[in-house]
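What follows is each chain in one-letter form.
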Amino acid sequence: GLKGESFFRSLFIFPMAISYIVTGVVWRWLMNPAAGSRMSGLNLLFDKLGLDFLINSWTSTPTWGIAFLAIPAVWQLSGYTMAMYLAGLRAIPDELREAARVDGASEFNIFRYIILPLLRPVTLSAMVILGHMSLKTFDLVIATVGKQLVLDMPSVHMWQITFDGLQYGSGAAISILLLIFTAVLIIPYLFFSLRKEVKQ
């Protein structure tokens with residue numbers, strides 16, 4: 001354990017406890033123009049720091065719109081992913097590293113040939129969990145960007161088709177496809193996890 005580890009672990013995991021609605025509203029405030037300025041809060045910050053190449057109209061193009069949504073999503077979920085990897089690192093026996101050092105392996109080779117392969121289940125879990133969460137993201141998009149969308153997110157598209165366009169059949173079809181895509185991610189992961197537990 002490192003000094004202050006518990007504090008920093010709690011600090012990084014804390015955003016996971018905040019709802020997507022709250023996160024989206026806060027980031028929307030950050031993107032609103034500052035008082036007396038045409039620039040949004042974030043662009044104004046980049047301007048003051050001399051990072052002019054990062055200044056963009058975040059919500060007017062699909063490319064920067066998805067980047068704008070990725071920033072709060074990464075902020076909220078990175079701590080959870082860090083906790084998963086920390087648990088995976090703690091599960092690796094120190095004896096393996098010590099034996100590799102005795103055999104003359106460098107720290108890079110220990111990381112490449114011992115730590116990374118043993119972290120593959122954690123990586124798979126993180127990819128599946130984050131993948132299915134991003135696939136069905138709805139509240140963060142609405143709270144951050146609203147209905148003035150340049151993005152065509154699956155869940156938001158389903159909402160617009162169903163409730164704004166009153167095409168309930170098409171909306172139901174999109175919902176079924178979202179369910180199938182999520183199942184394609186989740187079911188193999190569950191099968192892999194259960195089979196691993198049975199072998200143990």
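Structural data are supplied above this passage.
No experiment lies behind these values; they were computed from the predicted model shown. (Residues numbered from 1 in each chain as written. Predicted model: local features only at pLDDT ≥ 70, side-chain atom pairs only at ≥ 80, totals over all residues. Heavy atoms only, no water.)

Asks: For this particular structure, what's the right way to read the pattern of salt bridges?
Replies: Any two side chains of opposite charge can pair, on the condition that their charged atoms come close. Throughout the structure, instances matching the rule amount to 3 salt bridges. Here Asp94 makes a salt bridge to Arg97, at a shortest N to O gap of 3.0 Å. In this pair, Asp94 and Arg97 both sit in helix 5 (residues 94-102), 3 residues apart, roughly one turn of the helix. Close ionic contact of Glu107 with Arg101 constitutes a salt bridge, the shortest N to O distance being 2.7 Å. By relative accessible area, Glu107 is classed as partly exposed at 49%. Judged by relative accessible area, which is 34%, Arg101 ranks as partly exposed. The network of salt bridges with shared partners includes Glu98, Arg101 and Glu107. (Salt bridge = Lys/Arg side-chain N within 4 Å of Asp/Glu carboxyl O. Helix = DSSP H or I, 4+ residues; strand = E, 2+ residues; numbered from the N terminus. Buried < 20%, exposed > 50% of the residue type's maximum accessible area, 1.4 Å probe, protein only.)

Asks: Sorry, what's going on with a nonpolar patch on the surface here?
Replies: A surface patch of nonpolar side chains, about 650 Å² in accessible area, is lined by Phe7, Phe8, Leu11, Phe12, Ile13, Met16 and Met82. If you tally residues by element for the nonpolar patch, the top one is helix 1 (residues 5-13), at 5 residues. For Phe12, the position within the fold is in helix 1. (Patch = residues over 30% accessible without salt bridge, like charges linked within 9 Å, V, L, I, M, F, W, Y side chains within 5 Å. Areas by Shrake-Rupley, 256 points an atom, 1.4 Å probe, with all protein chains shown as cover.)

Asks: Before we go on, may I ask you to explain the nonpolar core in this structure?
Replies: One broad trend across soluble globular proteins is that nonpolar side chains are buried collectively. With 14 residues, the main nonpolar core has Tyr20, Met84, Ile110, Ile115, Leu119 and Met133 as its most contacted residues. Sorting the residues of this core by element identifies helix 4 (62-90), helix 6 (107-118) and helix 7 (120-135) as the ones contributing at least two each. Among the elements that make up this core, the one with the highest residue count is helix 7 (4 residues). Ignoring sequence-local partners within four residues, the contact set of Ile110 consists of Arg97, Ala100, Arg101, Ala105 and Ile115. Formed by 10 residues, the second largest nonpolar core is a distinct cluster that contains Met31, Phe46, Phe68 and Leu69. (Core = buried A, V, L, I, M, F, W, Y, C linked by side-chain atoms within 4.5 Å. Contact = heavy atoms within 4.5 Å.)

Asks: Whenever I open this one, the environment of Phe8 confuses me. Can you help?
Replies: With respect to the helices and strands, Phe8 occurs in helix 1. Separated by 71 residues in sequence, Phe8 and Gly79 place their C-alpha atoms 9.8 Å apart.

Asks: I would appreciate a short explanation of the side chain of Arg97 in the present structure.
Replies: You can call Arg97 buried: its relative accessible area is 16%. Once residues lying within four places of it in the same chain are set aside, the contact partners of Arg97 are Leu89, Ile92, Ile110 and Ile115.

Asks: How should helix 2 (residues 20-31) be read in this particular structure?
Replies: Two residues of an α-helix separated by three or four positions point the same way, owing to the 3.6 residues in each turn. With 12 residues, helix 2 ought to run about 16 Å at 1.5 Å a step, and its terminal C-alpha atoms sit 16 Å apart, in line with that. Three or more residues of helix 2 are buried, namely Tyr20, Thr23, Gly24, Trp27 and Met31. Around the axis of helix 2, the buried residues are gathered within 95° of arc, so they sit on the same side. (Expected span 1.5 Å × (residues − 1). Arc of directions from axis to C-beta.)

Asks: It is not clear to me how the environment of Tyr168 should be interpreted in this structure. Could you clarify?
Replies: Take Tyr168: it is sitting in helix 10 (residues 168-199). The class for Tyr168 is exposed, based on a relative accessible area of 51%. Taking the C-alpha atoms as reference points, Tyr168 and Met158, 10 residues apart in sequence, are found 9.4 Å from one another.

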